Amino acid sequence: MAPPSIVRSALSVFFEYDTPRIVHIRSKKVGVINRFLQLAIISYVIGFAIIYKKGYQDFDDVNSAVTTKLKGVALTNLTDQGINGTRVWDVADYVIPPQENNAFFVMTNVIVTPGQQQDTCLESPSVPDGICSAEKPCVPDTPVINGNGVKTGACKPSPRNSSIEVCEIYAWCPVEKDDKPSKPVLLASQNFTVFIKNNIEFGKFGVKRRNLLEDATDSYLQTCNYNSENKSCPIFQLKTIVEMTGQDYETMALQGGVIQILIQWNCNLDYSVEDCVPEYQFRRLDSNDYKLAKGFNFRYAEPYLEDGVKKRTLIKAYGIRFIVTVEGKAGKFNFVPLFLNIGSGLALLSIATIVCDIVVLYFLKARKFFKEKKYLDVKGADAYETLDEGSMKSDSPVVQRKQ
């Protein structure tokens, strides 16, 4: 095709107009396909989009605030850790820090190193960089990598293992103990309880709720505990929480861990607001199957003065960190989303026509016949003609009528 012909063909597009043509096709195959697709689309819109997904409702996500309050005491005897006498642990001792955002930590096991003071002592033989020899001397004023202090330069036999020589360090002495108890020191923490207060709001609908029954009394809160038979009580025993994750409390308390408390508010406000109540789920976020860095622990110190000398008690705390997560949404009837879903469904019905056109025009044996009936080329008196059309018109024979 010559360049002028291409240009005229391109220009002709601007002088054309397409309008749908209705062709009524009587065919069993095409009719069944068309009705099946229409039925499937209508079933999807009504059954899934409108009924199952509640396409007739307007939704709002939950806004939430969570506070926690723990109660419980434990009695321990740490004589085997070099501490004389017994000790009572209350909330101020085992909840560290006292308040967190949407979380709380409970100490379940502890390694205590009492009477530490600034002095020189030998590094622990369990620290690789603290081991020394003639080939590996202790460089003075060099911190021990992953150790407890700074090297003084001396290399001496370890009192724990005389066959090993370790660096002398300047640190809080004696260095931290690394002997973990065989059982959790604070195993009594399994009987501790936590009161989780959760206030939520669905701002779009002006609805406020909390996870406490409206008719609850002080005596009810003092006696109730959450369990499989009483799921409305917001007071949870720690052992119950851990067991609902499928874990054993004593095993988890030994090295610590992380547990998620999930509070779900999924409310249908087309019914009574009183039916809008939370559901609780519990899961462990870490795993007891890890080979390294298992559990959850950290260190803190309790400083004090003794005969004018600054000393401290170093505590390595193992425990369970509980993370409280709140999620949910509320739905209420609204005409706007309903009409939007109905309109989308009507638009989807055109898919059935498109599929049937493809079948008729490309797959049936009589597709040429149907194409002739489907498409009609109509030329007006002022039609824009391309060069090819003009040449074909000029080459056509002229028939004259005899006089």
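Residues numbered from 1 in each chain as written. Predicted model: local features only at pLDDT ≥ 70, side-chain atom pairs only at ≥ 80, totals over all residues. Heavy atoms only, no water.

An unreviewed UniProt entry annotates the chain as Purinergic receptor originating from Patella caerulea.

Right, let's talk about the overall build of the chain for a bit. Looking only at helices and strands, the chain features ten helices and 14 strands. For the chain, restricting intrachain contacts to residue pairs at least 6 apart in sequence, the fraction spanning at least 24 positions comes to 68%. Surface summary for the chain: the accessible area is close to 25700 Å², and the carbon and sulfur share equals 55%. (Helix = DSSP H or I, 4+ residues; strand = E, 2+ residues; numbered from the N terminus. Contact = heavy atoms within 4.5 Å. Areas by Shrake-Rupley, 256 points an atom, 1.4 Å probe, with all protein chains shown as cover.)

Bringing a positive patch on the surface into the picture now. Taken together, Lys-69, Lys-71, Lys-197 and Arg-210 make up a surface patch of like positive charges. Tracing the backbone shows Lys-197 in strand β8 (residues 193–202). Using a relative accessible area of 33% as the deciding quantity, one classes Lys-197 as partly exposed. (Patch = residues over 30% accessible without salt bridge, like charges linked within 9 Å, V, L, I, M, F, W, Y side chains within 5 Å. Salt bridge = Lys/Arg side-chain N within 4 Å of Asp/Glu carboxyl O. Lys, Arg positive; Asp, Glu negative; His and termini not counted. Charge placed at Lys NZ, Arg CZ, Asp CG, Glu CD. Buried < 20%, exposed > 50% of the residue type's maximum accessible area, 1.4 Å probe, protein only.)

A grouping of Ile-33, Tyr-44, Phe-48, Tyr-52, Leu-348, Ile-351 and Val-355 is seen on the molecular surface, where their side chains present a nonpolar patch of about 610 Å² in accessible area. The set of elements that each furnish at least two residues to the nonpolar patch consists of α2 (28–52) and α8 (350–362). It is α2 that provides the largest number of residues to the nonpolar patch, a total of four residues.

A few words on the UniProt feature "binding site: ATP" (unreviewed entry) in the chain. Residues given the UniProt feature "binding site: ATP" (unreviewed entry) here are Lys-69, Leu-70, Lys-71, Thr-193, Asn-297, Phe-298, Arg-299 and Lys-316. Tracing the sequence through the fold places Phe-298 in strand β13 (residues 297–306). Leaving out residues up to four positions away in the same chain, Phe-298 has contacts with Ile-96, Phe-105, Ile-315, Lys-316 and Ala-317. If sequence neighbours within four positions are ignored, Arg-299 has contacts with Glu-176, Leu-314, Ile-315 and Lys-316. (UniProt positions renumbered as here; feature names shortened; annotations may be inferred.)

Before going further, it helps to examine α2. In this model α2 runs 33 Å from its N-terminal to its C-terminal C-alpha over 25 residues, within 8% of the 36 Å that 1.5 Å per residue would give. Of all the bends in α2, the largest measures some 25° and sits at Tyr-44. Turning to α2, its buried residues are Val-30, Asn-34, Ile-41, Val-45, Ala-49 and Ile-50. For α2, the elements touching its buried residues are α7 (335–348) and α8. (Expected span 1.5 Å × (residues − 1). Bend = angle between axes of the 7 residues up to and from the residue.)

A few words now on the nonpolar core. Note that soluble globular proteins tend to have their nonpolar side chains buried in a common cluster. Among the nonpolar cores identified, the biggest contains 47 residues, and Trp-89, Phe-104, Met-107, Phe-202, Leu-238, Ile-241 and Phe-322 are the most heavily contacted of them. For this core, the secondary-structure elements that each account for two or more residues are β2 (63–71), β5 (103–122), β8, α5 (238–244), α6 (249–255), β11 (257–268), β12 (279–284) and β14 (309–333). Apart from residues no more than four positions distant in its own chain, Phe-202 is found in contact with Asp-60, Asp-61, Val-62, Val-207, Trp-265, Cys-267, Cys-276, Lys-329 and Ala-330. (Core = buried A, V, L, I, M, F, W, Y, C linked by side-chain atoms within 4.5 Å.)

Turning to the pattern of salt bridges, a few remarks are in order. Evaluation of the coordinates by the stated rule reveals eleven salt bridges. Put simply, Lys-204 and Asp-58 hold a salt bridge, and the shortest N to O gap is 3.5 Å. With a gap of 146 residues between them, Lys-204 in the loop between β8 and β9 (207–210) and Asp-58 in strand β1 (residues 57–61) connect regions that are remote in the sequence. On the basis of relative accessible area, Lys-204 is assigned to the partly exposed category, the value being 49%. Between Glu-302 and Arg-87 there is a salt bridge, with its nearest N and O atoms 3.5 Å apart. Linking Glu-302 in strand β13 with Arg-87 in strand β4 (residues 86–89), this pair joins segments that are 215 residues apart in sequence. Take Arg-87: its relative accessible area is 26%, and that puts it in the partly exposed class.

Here, UniProt's "transmembrane region" (unreviewed entry) annotation points to residues 32–52 and 338–364. Between the C-alpha atoms that bound residues 338–364 there is a distance of 39 Å. The span itself is 89% helix and 0% strand.

Applying the stated rule across the entire model yields five disulfides. Linked covalently through their sulfurs, Cys-132 and Cys-155 form a disulfide whose S-S length is 1.8 Å. Since a negative S-S torsion denotes a left-handed disulfide, the Cys-132-Cys-155 link at about 95° is right-handed. Here the residue Cys-132 occupies a position in the loop between β5 and β6 (149–157), and Cys-155 occupies one in strand β6, the gap between them amounting to 23 residues. Assessed through its relative accessible area of 5%, Cys-132 is described here as buried. Here Cys-267 pairs with Cys-276 through a disulfide, and the sulfurs are 1.9 Å apart. Where Cys-267 bonds to Cys-276 through sulfur, the torsion about that S-S bond is close to 65°, and the disulfide is right-handed. The exposure classification of Cys-267 matches that of Cys-276, with both residues buried. Each disulfide in the chain links cysteines that, numbered along the sequence, combine into the pattern 1-6, 2-4, 3-5, 7-8, 9-10. (Disulfide = S-S within 2.5 Å.)

Let's shift gears to the side chain of Asp-286. Mapping Asp-286 onto the fold places it in the loop between β12 and β13. Reaching out from Asp-286, the side chain makes a polar contact with the backbone nitrogen of Val-258 at a distance of 3.2 Å. Polar side-chain contacts of Asp-286 include one of 2.7 Å to the side chain of Arg-284. The contact partners of Asp-286, leaving out residues within four places of it in the chain, are Gly-256, Gly-257, Val-258 and Gly-295. (Polar contact = N/O pair within 3.5 Å; in protein donor to acceptor, adjacent residues only side chain to side chain.)

Let's shift gears to the packing of aromatic side chains. This structure, assessed with the given rule, holds 16 aromatic pairs. Summarising the aromatic geometry, the rings of Phe-296 and Phe-298 are spaced 6.3 Å apart at their centres and angled 70° between planes, so their arrangement reads as edge-to-face. Consider the rings of Phe-298 and Tyr-300, whose centres lie 6.4 Å apart with planes at 40°: the pair is tilted. Note on Phe-298: relative accessible area 22%, which makes it partly exposed. (Phe/Tyr/Trp six-rings, centres within 6.5 Å; stacked < 30°, edge-to-face > 60°.)

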